[in-house]
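# Descriptive structure summary
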Amino acid sequence: MNKLGKFIFILITVGVSIYFLMPTIQWYFFIPEKDKQILNLSQDQLDVQSSEIKKKVVELKKVRKRSLSLGLDLQGGVNITLQISESELSNQLLQKYEFDQNKVDSIFKEEYASAVDRALEVLRNRMDQFGVSEPSIRKTFDNRISVELPGLDNPQLIKEALAKVGKLEFHIVDEKTMKSLQELNVPMGSGGYVLSGSELPAGYEIPMMGTNGETIRAKGEKIPDTSEWVSYWENDDFGMPKMKGWYVLEKKIELDGTMVKNGRSDSDQYGKPKIDFEMTSEGADIFAEVTAQNINKRLAIVLDNKVKSAPNIRSEISGGRGEITGDFSLEETVFLANVLKAGALPVKLDIVQERVIGPTLGRDSILQSSRALLYGVLAVVLFMIIYYKISGGIAIIGLGFNLLYLVALLAGVSATLTLSGIAGIALTIGMAVDANVIIYERIREEMRRSRGIKHAIHSGFEHASATIWDSNITTLIAAVALYFFGEGTIKGFGLTLTFGIIANMFSSLFISRLIFDWWMDTFNPHKISI
Amino acid sequence: MNQVNKSPAQDEMHIGGIVIEKVIPFLKTKWLAFVLSGSIIVGGAIGFVKNGGFDLGIDFKGGLKIETKISQPNITINEIRKIFSDAKTEADVNTVGNASDQQFLITVAVTEGTTAAETTKVNNLLFNSFGKAKVEIKSSELVEPKMGKSFAGRALYLLVIVSALIVLYIIIRFDFYYSVGALVATLHDLFIMLAFSVFFRIPIDITIIAALLTIMGYSINDTIVVYDRIRELVGLNKDEDLEYVMNKSITQTLSRTIITVLTVVFVATAIYVWGGSVLKNFALLLIVGLISGTYSSIFMSAPVVYITKKAFDKNFKEKKKVATA
């Protein structure tokens, strides 16, 4: 390649870099904050917007997707890692396969993996319903699920939305047993539920679970086999769930969440929050039948094995529409409605890691790390110019290209810039001049052998490049390993380092070289400033 | 013999304007260097045993860490400690930055199976004591201990993979003896950094692992520059004594080694001073590692190759020392 060819090649790389960087520049410097807000609309809110706005959303999303985004540690947000509750899954399977431990053991792994996949799908649906902007939900190592929610700083509700199973069931209250309890003068709350589970007449005891899940008190023989105790919960004044008492419910699930098509949070005539729901045609038929057969009994609405309310059935309800009332908070009805739409999780998820970064810390981190980056670069620039003079200047030009390529590559793969990523960039800069140092020291050596400047430069670059390849490839190995085997923060750091090394080798071996050659050919100096 | 390449000017080294004559006999000090590094590592090991292991960050050990700013005048750290001891919650409270910033780092140990409710509990303790408006939760992080163990396993796995890949590359590009030298030099830096993490009581977390891995990459880079020069000089002159060639290679690459480490130390120092509290330990250990990496590529990498070659390589012959005189 002649010099013109090389020059054009560099121009092309710069062009491509700028192309990669355009969306990032557009997003951070030209799109007003107000416009970005519309990306936060939930699907429901978006559905009612004009087609113009919908188009805009599509366009904004395109720009967003192609630009460099800030990590949670820089913009604030929540990162949660979830894990399928093994004990729960095991219990579920045991019940399903009639306590055949061997059978459960043999299929456990498979069931676990498929539960993770189902959970991922449900979580994605839920986050859509909740209108969280740009959630990232993915499987991470050891079959865990990592959820990143940028820009969020009060994760309470979202945490619930993530971990709660959201299993909705309708059961008929075992009125016969409840009546006999009432006749035995068991204290009851208004609405007819047992207030305390601890002092029940003989034969009616509530099975208690030991810490290892074993039943330590048997269910009384006076409770029919087709019925069971289920606890009743209400919210206290602070919105925290509190157990109020117990119901005896028939075990049979009359209807469950899968037969519910749609849910909507609403309020009744007194302004109390409730949930309206609509059933699938199958569900509507079953619901009509169940209500027709159980008039004057109570229908318990059970969410995640807790009774939320138990209204009396006054007449057959047909048409497949209904409402769930109870002592709900507004958040809860919104939550429930969304859960009904998104579906239930296969099994409970445990939060095994949670990281919340407040917005101010993110801002501080951006400020501090860019300041460190700036001063670090400044020190390197000054040193190179003082020590290598004009040649040092050439190295700095190379460094400029290096930075351009690095950021462009990161933007090109829509990477996420994290705090450790910025540290990685800073280190890359420190190491970037290393290639130039190897070359310059070599040129100085060659010059001492007094073979003429051109020859010294030529052989300096030649000898140095073998060293540069070897030394950079080993660092590259470490960086690539960090990217592929690392997780989260380490991954970002590895990516920055990898791109940094690639950009660095190109800038020092190709661009600095070209500048040197051009310098020699144009000015033909007798001495070089190195 | 060897007159062509042996003009006296070649055995000079220039740093800035200063001319250092001849070849510095780095290999002479190899046992001293081994003793020095050995004692640092042994010191670290003693500290390790005395402290009962590394200080692990919550990433690996599990726990809850909350960074908070409390905007009530004259809050002391003891008041916050008292809140937790009154609530019978074992918490470790430290100030972050200047005391006047009123920023605190609260670490609470958690047991296996703890879930997110713990965060709410600790947050509420603070809210109830100072009022919600005065407490700003800057960040909080909760790691369940089992998850921590799996993180730790992951990190070890990373260290092993990176070391193995580097060794493999050097075996391909150089030979087995060089890969031993490179591995010893790299592990040396790893152990020195770990020793200093014990001395400074730096909790090992994910960012620290990133620092360790970076230094492994950096140190190997430094070592290879020296090896490359040895290979070049050996190729030029097959009859020369290996010890002499090694000394000469280290001497000739010395200025590069020092200048490069200086530029990276500039940046690491900038991160340490201005980079904020999150990166302070990372930068500190990085500086330790950079110094150790430079030291090991000068005093360790080549000597180890020399010793192993002398002990195991059948083709190794002590040759006449040509030009040290």
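Please read all numbers here as calculations on a predicted model, not as lab measurements. (Residues numbered from 1 in each chain as written. Chains lettered and ligands numbered in written order. Predicted model: local features only at pLDDT ≥ 70, side-chain atom pairs only at ≥ 80, totals over all residues.)

### Description of the overall build of chain A
Summing up its helical and strand segments, chain A has 15 helices and 17 strands in all. Computed over the C-alpha atoms, the radius of gyration of chain A is 33 Å, more than 25% above the 24 Å expected from 2.2 N^0.38 for a compact globule of 530 residues. Dimensions of chain A, computed from C-alpha atoms along their principal axes, come out at roughly 115 × 55 × 40 Å. Scored against the burial criterion, the 530 residues of chain A give a buried share of 42%. (Helix = DSSP H or I, 4+ residues; strand = E, 2+ residues; numbered from the N terminus. Rg over C-alpha atoms; globule rule 2.2 N^0.38 Å. Buried ≥ 20, exposed ≤ 12 C-beta atoms within 10 Å, placed from the backbone.)

### Details of helix 11 (residues 330-342) of chain A
Every α-helix carries 3.6 residues per turn, so stepping three or four residues along brings you back to the same face. Residues and elements named next belong to chain A. The terminal C-alpha atoms of helix 11, which comprises 13 residues, lie 18 Å apart, in line with the 18 Å expected from a rise of 1.5 Å per residue. Of all the 13 residues making up helix 11, eleven are buried; the element is thus mostly covered by neighbouring parts of the structure. Looking one or two places after helix 11, you find G343, whose phi comes out positive at around 95 degrees. (Expected span 1.5 Å × (residues − 1).)

### As for the sheet that holds strand 4 (residues 144-150) of chain A
In space, the eight strands of this open sheet follow the order 3(A)-4(A)-2(A)-16(A)-6(B)-3(B)-5(B)-4(B), with antiparallel pairing throughout. Looking at the sheet topology across the chains shown, the edges are occupied by strand 3 (136-140) of chain A together with strand 4 (91-95) of chain B. Going from strand to strand, the sheet's axes swing by 20 degrees on average, the running direction of each strand aside. As judged from the eight bridges shared by strand 2 (residues 77-84) of chain A and strand 16 (residues 349-357) of chain A, these two strands associate in the antiparallel manner. Pairing of A:N79 across the sheet is with A:R355, part of strand 16 of chain A. Along the sheet, helix 4 (residues 117-130) of chain B contacts strand 16 of chain A together with strand 3 (63-70), strand 5 (103-108) and strand 6 (135-143) of chain B; its crossing angle with strand 6 of chain B, the most-contacted strand, is approximately 160 degrees. (Pairing = 2+ DSSP bridges. Axes fitted to C-alpha atoms, helices over the stretch in contact; angles between N-to-C directions. Contact = placed C-beta atoms within 7 Å.)

### Some thoughts on the domain arrangement of chain A
What the domain assignment reports for chain A is domain 1 (168-344) and domain 2 (358-523). Once you take the C-alpha centre of each, domain 1 of chain A and domain 2 of chain A turn out to be 66 Å apart. (Domains from an automatic or database assignment.)

### Notes on the sheet that holds strand 11 (residues 260-267) of chain A
Residues and elements named next belong to chain A. Pairing within the open sheet is antiparallel, and its three strands lie in the order 11-12-15. Bordering the open sheet on either side are strand 11 and strand 15 (321-324), each of which pairs with just one other strand. Neighbour-to-neighbour, the strand axes of the sheet open up by a mean angle of 25 degrees, direction not taken into account. In terms of strand pairing, strand 12 (residues 273-279) meets strand 15 through four bridges, oriented antiparallel. By the bridge assignment, D276 is partnered in strand 15 with E323.

### Topic: the packing of helix 12 (residues 359-412) of chain A against helix 8 (residues 242-274) of chain B
Two elements in contact, helix 12 of chain A and helix 8 of chain B, have axes whose closest approach is 8 Å; the angle formed by their N-to-C orientations is 155 degrees. As far as their axial angle goes, helix 8 of chain B and helix 12 of chain A are roughly antiparallel. Both helix 12 of chain A and helix 8 of chain B take part in a crossing whose hand is right-handed. Counting all contacts with helix 12 of chain A, which are made through A:Q368, A:R371, A:A372, A:Y375, A:G376, A:A379, A:V380 and A:F383, the residues of helix 8 of chain B involved are B:L262, B:T263, B:F266, B:V267, B:A270, B:I271 and B:W274. Here the contact of helix 12 of chain A with helix 8 of chain B is composed, by residue class, of eleven nonpolar, three polar and one charged. (Parallel < 35°, antiparallel > 145°, perpendicular 65-115°, else oblique. Left-handed = near helix turned anticlockwise from the far one by under 90°. Nonpolar A, V, L, I, M, F, W, Y, C, P; charged D, E, K, R; others polar.)

### Comments concerning the interface of chain A and chain B
In this assembly, 61 residues from chain A lie in contact with 59 residues from chain B. Of all the elements in the fold, those that place two or more residues in the side of chain A that touches chain B are strand 16, helix 12, helix 13 (419-448), helix 14 (453-485) and helix 15 (489-523) of chain A. At 16 residues, the largest contribution of residues to the side of chain A that touches chain B is made by helix 13 of chain A. The residue makeup of the side of chain A that touches chain B, split by class, is 30 nonpolar, 16 polar and 15 charged. With five bridges joining them, strand 16 of chain A and strand 6 of chain B adopt antiparallel strand pairing. Note that in strand 6 of chain B the partner of A:V356 across the bridge is B:S140.

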